[in-house]
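Single-letter residue listing:
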Amino acid sequence: FTMADWEDLADKKSSVTEEVSIAIVAKYTEKKASSGEAYTGDTYMSVIKALDHASLSVGRRLKVVWVDSSELEYPEGHEVLEAAKAKMASAQGILVPGGFGDR
């Protein structure tokens with residue numbers, strides 16, 4: 001990339017107004033105490049960056065909708081499960097990153 005390429009990319013990112021929402025169903029999420037929103041730190045940074053670049057390449061701004069995978073283990077009809085299903089239904093796409101271990 002030349003400096004002009006980087007400047008074009010920065011301009012494009014700044015000017016994108018249409019949004020694409022992608023639900024990330026993940027097991028390593030935690031709630032920020034101040035807002036209650038999911039925050040994952042660096043755990044899924046490469047996934048987020050890849051989605052951000054893909055979104056930008058089609059002229060969209062990425063909105064991540066976090067879904068804690070443990071919320072999907074509640075019985076049908078439970079308010080936690082229904083809220084998680086509603087979050088997934090609100091997104092235009094769903095991504096489930098690979099994981100390891102029992103959790």
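Residues numbered from 1 in each chain as written. Predicted model: local features only at pLDDT ≥ 70, side-chain atom pairs only at ≥ 80, totals over all residues. Heavy atoms only, no water.

Student: Lay out the sheet that holds strand β5 (residues 93-95) in plain terms, naming residues and giving numbers.
Tutor: Strands sit in the order β4-β1-β5 across an open sheet of 3 strands; the sheet is parallel. Bordering the open sheet on either side are β4 (61-68) and β5, each of which pairs with just one other strand. When strand polarity is set aside, the average angle formed by the axes of neighbouring strands in this sheet is 30 degrees. Looking at chain direction, strand β1 (residues 19-26) and β5 are connected through 3 bridges and run parallel. Note that in β5 the partner of isoleucine 22 across the bridge is glycine 93. Across the sheet, helix α3 (residues 79-90) is in contact with β1, β4 and β5; its angle to β4 comes to roughly 160 degrees. (Pairing = 2+ DSSP bridges. Helix = DSSP H or I, 4+ residues; strand = E, 2+ residues; numbered from the N terminus. Axes fitted to C-alpha atoms, helices over the stretch in contact; angles between N-to-C directions. Contact = heavy atoms within 4.5 Å.)

Shape is all these values report; function is a separate question.
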